[in-house]
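Close look at the chain arrangement
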Amino acid sequence: MNKHPSVVVRPIRACACGALLLASQVSADPAVGGSCEAEVGVIAGDYIACLLAARADSLNGQAQDPARMAVGLEDCDREHLRRYVETVLRDPASCPGAEESLDGIFKHLRQLHDGALDAVDQVALIVSGRSTTPVAGNIILFNNCALPLKLMSDTNATIDGNVLQAGDQETFPIGELHVGSPNKILVAPVTTRDQCRELACEDWTAVQPNTVQREPGMWEHPNLTYAAYCQPTNAGAAQCLSDPAETPCCGPKMNYDKTFGTHLELTPDFQGQDFVNLSTNAMPPLLCGPGVDPNNCVTVSANIFFNLPIQVDMAGGDCACDSLGNRTQLICTTVSCEDAYQYPLDPKQCACSSGGQRGYTVTYCPEGSPLPRIPSAP
């Protein structure tokens, strides 16, 4: 299948271009040379240049080695942190934004870090020039997250097992999917051994043991990072190991067993209509048992199908989406989102007229809804 450069593509925003401009102006202005503020500006400019160099292959339209890029980005982060801390600690009072406290310094550092990443994303967009507008007759799966994503499907072998690099997209002709029956797509971030070590999935104790009733709070703060990157089925069974080379919960031996992950279902051309829905299964009304409708209940350890934000754009006219009304877009950025099924009979199904003009774009980590940042030790 067609692979595209590994570039995180996001719409242009003035603030990030301002970060590039500010860095270049501060570093070139002799009137402010020598001050802490000026030095921090130079460091920010060097940081942006380093990030761009780490993504050089993808920005040049060549195949990017994800492992090499990850090492390069980590080296940039490490050097930026070292230089920033050394500079600010010499004279915090002369650095606006870096107050005379450790919390203030790290808050300022985070602002500079995020601004630099936004600036690099803008350059990637300008260079790649790619559009993710829905294309008639196709479904586009677009990874706007900062990490590779693995696709899982127990209904479609063509989709199952594909890996979307950061900024990559795959296009599937709707006619080549299972027509008239559901095509389920789950997704999970792909982490490295070092990232897995920092995540410490073994500490996600909220889901343990497997007999504990699953609730939305287990996928929200303070469990948000665990829920995004850690395999909940194995975590619930207390099988996450401290050794990142061996644990089935993240890293190289992640268990992609189709029991978890943000859930999309598309049933094309069933009696002249496409049926589309998202499902998190996060708020079941009833537990299964004697006297309970088996079609509208869940077991104690039922899976919750959410780990990363998703947006589905449906081109070709409005779709009638049950309780949601007429829609051309579904979006789910939290486990309790209103656009997704929260329990089996939750009325959220979208019916779209089938036809040659119908197309879909699925964006993982839509603009403004990134994955939680993986913690890293200073």
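Computed from a predicted model, the values in this text were never measured in an experiment. (Residues numbered from 1 in each chain as written. Predicted model: local features only at pLDDT ≥ 70, side-chain atom pairs only at ≥ 80, totals over all residues. Heavy atoms only, no water.)

1. Here's the deal with the state of the cysteines
Threshold: We call a pair of cysteine sulfur atoms a disulfide whenever their separation is within 2.5 Å. Runs of H or I in DSSP of at least four residues are treated as helices and runs of E of at least two as strands, each being numbered from the N terminus. A simple rule labels every residue: compare its accessible area, found with a 1.4 Å probe on the protein chains alone, to the largest value its type can have, and call it buried under 20%, exposed over 50%, or partly exposed in between.
If you walk through the whole model with that rule in mind, you get nine disulfides. Residue pairing for cysteine 321: its cysteine sulfur links by disulfide to cysteine 350, the two sulfurs lying 2.2 Å apart. Taking the torsion about the S-S bond as the criterion, the cysteine 321 to cysteine 350 disulfide, at about 110 degrees, is right-handed. Residue cysteine 321 is located in the loop between strand E9 (319-320) and strand E10 (326-327), and its partner cysteine 350 is located in strand E13 (residues 350-353); the two are separated by 29 residues in the primary sequence. Overall, the relative accessible area of 0% leaves cysteine 350 in the buried class. Across the disulfide from cysteine 332 sits cysteine 337; the S-S distance is 1.9 Å. Around the S-S axis, the bridge from cysteine 332 to cysteine 337 shows a dihedral of about -85 degrees and counts as left-handed. A relative accessible area of 8% means that cysteine 337 is categorised as buried.

2. Regarding the confidence of the model for the protein chain
Our working definition: Per-residue confidence from the predictor is given as pLDDT, running between 0 and 100. The criterion used for residue contact is that any of the two residues' heavy atoms lie within 4.5 Å.
Looking at the protein chain as a whole, its pLDDT mean stands at 82, while 82% of the residues score no less than 70. Counting interchain partners and residues more than four positions distant, the pLDDT-below-50 stretch residues 1-33 has 76 contacts.

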